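Structural description and commentary
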Amino acid sequence: MSHPFTTVGVPRVVVASFWIWIASAALGLLSFFVGLPALLASPALSAPTGAGIVVGSVGGALIGALLRVFLGLFLLRGANWARIVLTVIGAIVLVALVAAILTGDLIGLLSGIAVVVAAVLMWLPAARAHFRRA
């Protein structure tokens, strides 16, 4: 029995897109944790909701990264819905890319560029047949 998440028979552009999505998730987490000391130093944390802000921020970063990995696995299987959801996530990350450029966040910038590259690769003509047969 074959493994459900395999790269055998998957176009190279889709495999490359998958690995770039994984890298973008790792870079996104790294960028978040590098910026965490600034969040912790924020005066907003002295409010009664401060702990919730930290927990929500950490949870959001982890869920965002795990979501990219989860959807990437379905991308390998040829799930067109995963490709569409990753495209939407890519559009959201583009907004964060603007913030990364304005704040000089090099890791966030690299993560954003990775998302753009991964999104383009999964929509190239070489990938289309993989999503049609799924």
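We now turn to the structure provided with this report. (Residues numbered from 1 in each chain as written. Predicted model: local features only at pLDDT ≥ 70, side-chain atom pairs only at ≥ 80, totals over all residues. Heavy atoms only, no water.)

**Concerning helix α5 (residues 125–132)**
We apply this condition: Only protein chains enter the accessibility calculation, which uses a 1.4 Å probe; a residue whose area is less than 20% of its type maximum is buried, one above 50% is exposed, and one in between is partly exposed. Strands here are runs of E lasting at least two residues and helices are runs of H or I lasting at least four, both read from the DSSP assignment and numbered beginning at the N terminus. What the arc covers is the set of directions going from the helix axis to the C-beta atoms. When checking whether two residues touch, look at their non-hydrogen atoms; a contact exists if any pair is within 4.5 Å.
By the burial criterion, the buried members of α5 are Ala127, His130 and Phe131. Taken end-on, α5 shows its buried residues confined to a sector of 95°, consistent with a single buried face. Counted as exposed and oriented over 90 degrees from the buried face of α5: Pro125 and Arg132. Where α5 is buried, its residues touch α1 (12–40), α2 (50–76), α3 (80–103) and α4 (106–122).

**A word on the layout of surface pockets**
Note the threshold: In this analysis the probe radius is 1.4 Å and the grid spacing 1 Å, with only protein atoms considered; a cavity is a set of points the probe fits into but cannot get out of, a pocket is an open set with protein on both sides within 12 Å along at least five of seven lines, and lining residues have an atom within 4 Å of a point. Grid points are joined across faces, edges and corners, and a volume is the space filled by probe spheres set on the points. Polar here means any residue other than Ala, Val, Leu, Ile, Met, Phe, Trp, Tyr, Cys and Pro, which are nonpolar, and Asp, Glu, Lys and Arg, which are charged; Gly is therefore polar.
Within this model, the largest pocket holds a volume of roughly 490 Å³. In terms of lining, the largest pocket is formed by 24 residues, of which the most central are Gly28, Ser31, Arg68, Ala96 and Ser111. Broken down by secondary-structure element, the contributors of at least two residues to the lining of the largest pocket are α1, α2, α3 and α4. Among the elements that line the lining of the largest pocket, the one with the most residues is α3, at eight residues. Looking at the lining of the largest pocket residue by residue, the classes come out as 15 nonpolar, seven polar and two charged.

**Here's the deal with the environment of glycine 108**
With respect to the secondary-structure elements, glycine 108 resides in helix α4. The sequence separation of glycine 108 and arginine 12 amounts to 96 residues, and the corresponding C-alpha distance is 26 Å. Those residues in contact with glycine 108, other than ones at most four positions away along the chain, are Ser31, Leu97 and Ala100.

**Description of a nonpolar patch on the surface**
Filter applied, for reference: Residues enter a patch when their relative accessible area is above 30% and they make no salt bridge; the linking distance is 9 Å between like charges and 5 Å between nonpolar side chains (Val, Leu, Ile, Met, Phe, Trp, Tyr). Here the open area of atoms and residues is found with the Shrake-Rupley method and a 1.4 Å probe, where only the protein chains shown may cover a residue. Salt bridge criterion: a side-chain nitrogen from Lys or Arg within 4 Å of a carboxyl oxygen from Asp or Glu.
A contiguous nonpolar patch, built from Leu67, Phe70, Trp81 and Val85 and spanning about 370 Å² of accessible area, is present on the exposed surface. When contributions to the nonpolar patch are tallied by element, the ones reaching two or more residues are α2 and α3. The exposure class assigned to valine 85 is partly exposed, which follows from its relative accessible area of 33%.

**Structural notes on the environment of glycine 90**
Tracing the chain through its elements places glycine 90 in helix α3. C-alpha separation for the pair glycine 90 and alanine 119, spaced 29 residues apart in sequence, amounts to 6.7 Å. The residues touching glycine 90, leaving out its near neighbours within four places in the chain, are Trp21 and Val115.

**What about the nonpolar core?**
One broad trend across soluble globular proteins is that nonpolar side chains are buried collectively. Defined as follows: What is meant by a nonpolar core is a set of buried Ala, Val, Leu, Ile, Met, Phe, Trp, Tyr and Cys residues, joined one to another through side-chain atoms within 4.5 Å.
Ranked by size, the top nonpolar core spans 22 residues in total, and within it Val14, Trp21, Leu75, Leu86 and Met122 carry the most contacts. Within the residue set of this core, elements represented by two or more residues are α1, α2, α3, α4 and α5. When sequence neighbours within four positions are dropped, the list of residues in contact with valine 14 reads Leu75, Leu76, Ala127, His130 and Phe131.

**So, the side chain of histidine 130**
Relative to the elements of secondary structure, histidine 130 occurs in helix α5. Each residue touching histidine 130, except ones within four places of it in the same chain, is listed here: Val10, Pro11, Val14, Leu75, Leu76, Arg77 and Gly78.

Honestly, that's just the spatial picture; any functional story needs more than this.
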